[in-house]
Amino acid sequence: MKKLKFRYEMELKLDRPVRDHHFRIRCKPMEAEGQHCESFLCRTWPETTLSLVEDGFGNHGFAGVIRQPHDSLTVTAEGIVCVKAVLDTQLHPMYRFVSARTVPSAQISGFLREVEQELGRPVSDQEGLLVLMDRLHGRFLYVPGVTSVRTTAAEAFAGGCGVCQDYAHIFISLCRLGGIPARYVAGLVPGEGATHAWAEVWDQGAWRGYDPTHNALVDETYIKLTHGRDFVDGTVDKGCFLGYAYQMQQIYAKVEELE
Amino acid sequence: MGIISLEKSDHLFWLGRYAERVFTTLDSFFRYFDRMLDMDDAEVAYQSFCKELSIPNSYKDQEDFIHKYLFSQNDPNSVYSNMLRAFDNAVVLRDELSSKTLSYIQLALDSIERAEDSQALVYDLQPVLDDLFAFWGCLDDNVEDEECRNIIKCGKYLERLDLYMRLGYPYRSIEKEYNKFLNRLHKIRIGYNLSEVDKLSEIINLGDDWRSRYQEALLALCNIF
Amino acid sequence: MYITNKVKALRFIPGVFFCIANASLHDAESSREEVYSMLSIYKRGCGRSMRELVEHMEGINRLMARYGVKFGIYKHNEFHEQLFPFDPLARVITAAEFAFLERGLTQRVKALNCFLADIYGEKKIVKDGVIPEDFIFSSKGYLPQCEGIKPPKNIFSHIAGIDLVQAKDREWYILEDNLRIPSGASYPMIARELTRQASPRTFTANHIVDNRNYAAMLKEVMDAVNTGGINVVLTPGRYNAAFFEHSYLAERSGAILAMPQDLFVEDNRLYYRQYHGRQLQVGTVYRRISDEYLDPLCFEPDSLIGVPGIMDVYRSGNVALVNAPGNGVADDKGVYYFVPHMVKYYLGEEAILKNAPTYLAFYEKDRNFILEHLERLVVKDVSEAGGYGVVFGSELTKEKLEDLKKVICREPRRFIAQEVIDFIDLDIVEGDTAVPRKADLRAFVLTGDTTRVWASGLTRFSRNPDSFVVNSSQGGGFKDTWVLSR
């Protein structure tokens, strides 16, 4: 078991004031078997009342609204979380089927066939999945700034490079194509930087985390925030407001191991 | 209904204004039209009409004026355009006004459309005035909610006052309409500019001399909301 | 992901009616004559009372125009409003026939409601293997955002529009279920109001159940699920195809017609903002905005017409949404096949009303049947809606048939095939004569504290003799539907 201290900051800057700003933030570590939040504190600026909300995927979050004109929104959250490898044994059938961002292209299914040929069998167990992850990691380059939040698995794979979100999308697409349920996870990992994304794959009665960006299995240092079919369902911050404004969003996350 | 959103109050107010604008301008048009029949220089008549209403004289001649001012969809100042705007505001208010009340606005609109090729304008446009009268009558009879009626009438009397002042109606009519307007204004819960109301009161209280401060009065009226 | 909700520039969703994909012959036929004879027929197709209505047609049309009985369509990206053509020859349903339909429709809608509660809850029907999960969780109508929501009184399908046709053997067949935003009830409602004015004798001479109680039924439904507050009808706006209906139903049911900007969420409650600033809590929203535009924070983030946060309020049980979001999973063309199974599974009864005989390419046995008999079947793509993706085998060349077979084998989940039903045409007035045309019936089934079938319905017909499409935007018209009281 690991005890992790984390901090999450999000700053949204707007070049002119907006109003009636509704937002939903889901930066609280998920309460799950194997993951427990010992302390948690979340603040926004401008200040507003936050109400606890839940969605159809089982994610919890805070909803708030700022009505008066404002030109920035800052969210800071910090806390301490204990993680044993997260163990979730609930399989929802929706994770078997393609979602908007993970529709496989001919290229993606071709790649799956290549790996299956190499294995000499379908990718059906942990061994096969590790090979699949390894080959994807070898094939796809980590290059920030090439893809966006709207990029699909097929687009990213065709481009050959992207960020953690794209790795996760492609891996999920490959798994589902091979008949294995898979889902998208947004979370935090040790160190400083942005939020991270990985995949969870259904393996013999439980979900197991795979991090194709780092070509590694998810361990006790990964803090899980949300999950869903793909990025869209697992979005950490989401909002909408009235007004015309250019926006710039900055995210800073930091996780340290305690003891 | 008595439950009115900001947007609906806006539509009510403007429905009142446009319905009144159609009514009063059409009514005045009839009088001008009648005068035009006897005039050697008919051009002068319609030009002064435009001037009083502060609408640009973009018409070729009298014939052009009559047709476009009444029926043109492209002329934003035409009676027809104003009727369309009255309709646009009314059609989203069916639940407030009732289908019955709303139907008179539809009828008035259809009446204008039907009169377009008329050879006897006043005669064929009379139904528009009838329909609008029926609309106001139906509103009073059918719409229970006072607040709704107050907002719409506030728009109506504001518009009427504006037009009466511009079109040179006698002082007594103006004073009468002003009082009707004030009566409604105090009953609605829309913010307005008190100092402008005071200024307008002061001018109207001058009696027949109010006309010496004609421009100021129009400005005050338009600044109330 | 952050999105800008730009002010104004609303997006409008043109209403899509549907298409009847059934063929039929044109001969006059005895069972209809029987029905009309009950209305003292002495002239073919038009009884005395019907004739009276025909004579008053001009007057009726004038009244329709006066009350603005219109629907909007988009042509070249411009909004136009048109009168919805009305045919005075009503569809007549006898009391016995209606009693039968009533039982069948009530049963069907009850089962569909159980199905929706099950799918967004325990999913027993899937676990028990009655419906393969492919047909549910990969359906476009299934919304995972609605997982686990228990709507007030556990009602999902408050207002169902079930489309039926009657075959020549007088058997009724269900064409499709509409559980999202079925529209059209206002038209027969106002048609009745106006025909009664224009031709009062017709209604004294016949025993026709008054259908103007629809608004009261609607109000009962809204009141039954109300969580405390006012009832509103939420319209996307004036430029929606069905705006007339939104405003008319609001007026008649005493609900407030609300635009999205009139509603807002605060402290997990939904409010209506009045012009002087005071706010009123909303207990029921009869929303005429599709699911995906309802809440930009939950569904389509680019939606400009939604109410941010409304889904959270709904999930907390603090407002009722009529109909429940996510109902699309139950009116999917693939799921349609399983409705009789649902009736059996949830209610332990045999389905009273029949589906058109349907084959699922997903099942090998059905697929083989489809491949063998393709030339006489009609094939529908389940991912398409609004009459698209419908192909008649009889209209295809040999090569095209072979191509279609290949596609079906490649993507069996995507296709269903149905027997072509030879259904009864209804007479419509054209000039001085009556001519037969394709028509269907949309029955409205309302569920509040009880499930009730409205004793009327929207009968739509195609004005083009060769067309199966009764779509209002394609020049189709409507008739009143009379249910006889004895």
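Residues numbered from 1 in each chain as written. Chains lettered and ligands numbered in written order. Predicted model: local features only at pLDDT ≥ 70, side-chain atom pairs only at ≥ 80, totals over all residues. Heavy atoms only, no water.

Participant: How do you make sense of the overall build of chain A when you look at a structure like this?
Facilitator: Looking only at helices and strands, chain A has 5 helices and 15 strands in total. In terms of overall dimensions, chain A is globule-like: its C-alpha atoms have a radius of gyration of 19 Å, near the 18 Å expected for 259 residues. Over its C-alpha atoms, taken along the principal directions, chain A stretches across nearly 60 × 40 × 30 Å. Counting every position in chain A, which comprises 259 residues, the buried fraction comes to 53%. In chain A, the share of contacts with a sequence separation of at least 24, taken over all contacts with a separation of at least 6, comes to 73%. Surface exposure of chain A reaches about 11100 Å², of which carbon and sulfur atoms provide 51%. Positive and negative side-chain charges of chain A, numbering 27 and 33 respectively, have mean locations separated by a distance of 4 Å. (Helix = DSSP H or I, 4+ residues; strand = E, 2+ residues; numbered from the N terminus. Rg over C-alpha atoms; globule rule 2.2 N^0.38 Å. Buried < 20%, exposed > 50% of the residue type's maximum accessible area, 1.4 Å probe, protein only. Contact = heavy atoms within 4.5 Å. Areas by Shrake-Rupley, 256 points an atom, 1.4 Å probe, with all protein chains shown as cover. Lys, Arg positive; Asp, Glu negative; His and termini not counted. Charge placed at Lys NZ, Arg CZ, Asp CG, Glu CD.)

Participant: Would you take a moment to explain the pairing of strand E5 (residues 86-93) of chain C for this structure?
Facilitator: On any regular strand, side chains alternate: one points to one face of the sheet, the next to the other face. Residue and element names in this part refer to chain C. With 8 of 8 residues buried, E5 is to be regarded as a mostly interior element. Of the two faces of E5, the one holding Phe86, Pro88, Ala90 and Val92 and the one holding Asp87, Leu89, Arg91 and Ile93 are both buried throughout. In the sheet, E5 pairs with strand E24 (residues 477-483) via 5 bridges, with the strands oriented parallel. Across the sheet, the residue bridging to Asp87 is Lys479, located in E24. (Pairing = 2+ DSSP bridges.)

Participant: Would you take a moment to explain the interface of chain B and chain C for this structure?
Facilitator: How big an interface is tends to be stated in terms of the accessible area lost upon association of its parts. In this complex, chain B contributes 28 residues to the contact, which on the side of chain C involves 28 residues. Summed over both partners, the interface of chain B with chain C buries about 2300 Å², with 53% contributed by carbon and sulfur atoms. Its largest share of buried area at the contact with chain C, chain B owes to Ile3, Arg94 and Arg189 of chain B, together 26% of the area lost on that side. At the surface where chain B touches chain C, the tally comes to 1 salt bridge. Asp88 of chain B is the salt-bridge partner of Arg238 of chain C, the closest N and O atoms lying 2.5 Å from each other. (Buried area = accessible area lost by both parts, 1.4 Å probe. Salt bridge = Lys/Arg side-chain N within 4 Å of Asp/Glu carboxyl O.)

Participant: Help me understand the pattern of salt bridges, please; the structure alone is not making it clear to me.
Facilitator: Opposite charge on two side chains allows them to pair when their charged atoms are near. Enumeration according to the criterion identifies 63 salt bridges over all chains in this entry. Linking Asp203 of chain A and Arg208 of chain A is a salt bridge whose minimum nitrogen-to-oxygen distance equals 3.2 Å. Using a relative accessible area of 7% as the deciding quantity, one classes Asp203 of chain A as buried. A salt bridge links Arg460 of chain C to Asp440 of chain C; the nearest nitrogen and oxygen atoms lie 3.3 Å apart. Taken together, the residues Arg460 of chain C in strand E23 (residues 458-461) and Asp440 of chain C in strand E21 (residues 439-447) connect sequence positions 20 residues apart. For Arg460 of chain C, a relative accessible area of 0% translates into the label buried. Ionic contacts of the salt-bridge type, sharing partners, join the residues Glu193, Asp210, Arg212, Glu251 and Arg252 of chain C into one network.

Participant: How should the sheet that holds strand E13 (residues 223-228) of chain A be read in this particular structure?
Facilitator: Residues and elements named next belong to chain A. Strands sit in the order E12-E11-E10-E8-E13 across an open sheet of 5 strands; the sheet is antiparallel. Since the sheet does not close on itself, it has two edges, and those belong to strand E12 (216-217) and E13, each with one partner. Its contacts with the sheet put helix H2 (residues 126-139) on strand E10 (196-203), strand E11 (206-211) and E12, and the angle it makes with E11 is roughly 25°. (Axes fitted to C-alpha atoms, helices over the stretch in contact; angles between N-to-C directions.)

Participant: Explain the domain arrangement of chain A to me, please; I cannot follow it from the model alone.
Facilitator: Residues and elements named next belong to chain A. Once the domains are mapped, chain A shows domain 1 (2-85 + 236-257) and domain 2 (93-234). Taken together, the contact between domain 1 and domain 2 spans 25 residues of the former and 24 residues of the latter. At the boundary of domain 1 with domain 2, total buried surface from both sides reaches about 2000 Å², with 62% on carbon and sulfur atoms. Per-residue buried area on domain 1 facing domain 2 is highest for Met30, Phe57 and Val255; these three make up 29% of the total on that side. On inspection of domain 1 and its partner domain 2, the count reaches 0 salt bridges. In this structure, the connection of domain 1 to domain 2 is made through 9 residue pairs in polar contact (both at pLDDT 80 or more). Counting residues per element, the side of domain 1 that touches domain 2 draws most heavily on strand E15 (residues 247-257), which supplies 6 residues. (Domains from an automatic or database assignment. Polar contact = N/O pair within 3.5 Å; in protein donor to acceptor, adjacent residues only side chain to side chain.)

Participant: Would you mind showing me how to read the interface of chain C and chain A here?
Facilitator: At the interface, 28 residues of chain C touch 36 residues of chain A. A combined buried area of about 3100 Å² lies between chain C and chain A, and 57% of that area is made up of carbon and sulfur atoms. The interface formed by chain C and chain A includes 3 salt bridges. Two residues, Arg96 of chain A and Glu133 of chain C, come together in a salt bridge whose shortest N-O distance is 2.3 Å. Inspection of the region where chain C meets chain A yields 8 residue pairs in polar contact (both at pLDDT 80 or more). Elements that contribute at least two residues to the side of chain C that touches chain A include exactly helix H6 (134-137), strand E10 (263-266) and helix H12 (310-315) of chain C. In terms of residue count, E10 of chain C provides more of the side of chain C that touches chain A than any other element does, 3 residues in total.

Participant: Is there a simple way to think about the sheet that holds strand E16 (residues 377-381) of chain C in this case?
Facilitator: Each strand in a sheet pairs with another by means of backbone hydrogen bonds, the pair being arranged parallel or else antiparallel. Residues and elements named next belong to chain C. In spatial order, the strands read E15-E18-E16-E17; together these 4 strands make up an open sheet with antiparallel pairing. Both outer strands of the open sheet, strand E15 (358-360) and strand E17 (390-392), are each paired with one neighbouring strand and no more. On average, each strand axis in the sheet is inclined to that of its neighbour by 25°, with strand direction left out of account. With 5 bridges joining them, E16 and strand E18 (residues 415-419) adopt antiparallel strand pairing.

Participant: Whenever I open this one, the packing of aromatic side chains confuses me. Can you help?
Facilitator: The way to describe two aromatic rings as a pair is by their centre distance and the angle between their planes. Applying the stated criterion across every chain yields a total of 51 aromatic pairs over all chains. An angle of 5° between the planes, with centres 3.8 Å apart, marks the rings of Tyr164 of chain B and Tyr169 of chain B as stacked. You'll find Tyr164 of chain B and Tyr169 of chain B in the same group, each marked buried. Judged by centre distance (4.7 Å) and plane angle (55°), the rings of Tyr214 of chain C and Trp454 of chain C are tilted. (Phe/Tyr/Trp six-rings, centres within 6.5 Å; stacked < 30°, edge-to-face > 60°.)

Participant: Just checking my understanding: could you explain the nonpolar core for this structure?
Facilitator: In globular proteins that are soluble, nonpolar side chains generally tend to be buried together. Of all hydrophobic cores here, the largest spans 138 residues; its most connected members are Phe65, Tyr69 and Leu70 of chain B together with Tyr214 of chain C. When residues in this core are grouped by element, the largest group, 13 residues, is from helix H1 (residues 6-38) of chain B. Once residues within four sequence positions are removed from consideration, Tyr69 of chain B is found in contact with Thr25, Phe29, Phe49, Leu53, Ile55, Tyr59, Asp64, Asp75, Asn77, Ser78 and Val79 of chain B. The next biggest cluster of nonpolar side chains, apart from the first, holds 87 residues, and it includes Phe135, Ile136, Phe137 and Ala330 of chain C. (Core = buried A, V, L, I, M, F, W, Y, C linked by side-chain atoms within 4.5 Å.)

Participant: Can you walk me through the arrangement of the chains in this structure?
Facilitator: Contacts between protein chains span 2 pairs of chains, and they are most numerous for chains A and C. When C-alpha atoms are compared, chain A and chain B, though not in contact, are closest at a spacing of 16 Å.

Participant: What should I look at first to understand the pairing of strand E19 (residues 426-430) of chain C in this one?
Facilitator: All names here are of chain C. Judged by how many residues are buried, E19 sits mostly within the fold: 4 of 5 residues are covered. The pairing of E19 with strand E20 (residues 433-437) spans 5 bridges and is classified as antiparallel. Along E20, the bridge assignment pairs Val429 with Ala434.

Participant: What is the right way to read the side chain of Glu147 of chain B from this model?
Facilitator: Among the structural elements, Glu147 of chain B can be located in helix H8 (residues 146-166). The exposure class assigned to Glu147 of chain B is buried, which follows from its relative accessible area of 15%. For Glu147 of chain B, the residues in contact, after removing those within four places along its chain, are Gly2, Ile4 and Arg189 of chain B together with Tyr275 and His276 of chain C.

Participant: What am I meant to see in the confidence of the model for chain B here?
Facilitator: Keep in mind that low pLDDT regions are not for reading the predicted coordinates in detail. All names here are of chain B. Looking at chain B as a whole, the pLDDT averages 91, with 99% of positions reaching at least 70. Across chain B, element-level confidence peaks in helix H4 (residues 79-91) with a mean pLDDT of 96 and bottoms out in helix H2 (residues 42-52) with 81. Per the prediction output, this complex has pTM 0.90; the corresponding ipTM is 0.92. (pLDDT = per-residue confidence, 0-100.)

Participant: So what exactly am I meant to see when it comes to empty space enclosed by the protein here?
Facilitator: Empty space among the atoms can be located by rolling a probe the size of a water molecule over them. Per the counting criterion, the structure on display carries 6 cavities of 30 Å³ or more. Here the second largest cavity defines a volume of roughly 80 Å³. Along its surface, the second largest cavity is lined by Phe87, Val91, Arg94 and Gln106 of chain B together with Gly68, Lys70, Glu81, Phe243, Phe244 and Ser247 of chain C. With 3 residues, helix H10 (residues 243-253) of chain C is the largest single contributor of residues to the lining of the second largest cavity. (1 Å grid on protein atoms, 1.4 Å probe; cavity = no way out; pocket = protein on both sides within 12 Å on 5 of 7 lines; lining within 4 Å. Points joined across faces, edges and corners; volume = space filled by probe spheres on them.)

Participant: In this structure, what is going on with the state of the cysteines? I would like to understand it.
Facilitator: A covalent bond bridging the sulfur atoms of two cysteines is what the word disulfide describes. Following the criterion strictly, the structure yields 0 disulfides over all chains and no others. With no disulfide of its own, Cys164 of chain A lies 14 Å from the sulfur of Cys161 of chain A, the closest cysteine sulfur. You can see Cys298 of chain C has no disulfide; the closest cysteine sulfur is in Cys146 of chain C, sitting 6.6 Å from it. You can call Cys298 of chain C buried: its relative accessible area is 13%. (Disulfide = S-S within 2.5 Å.)

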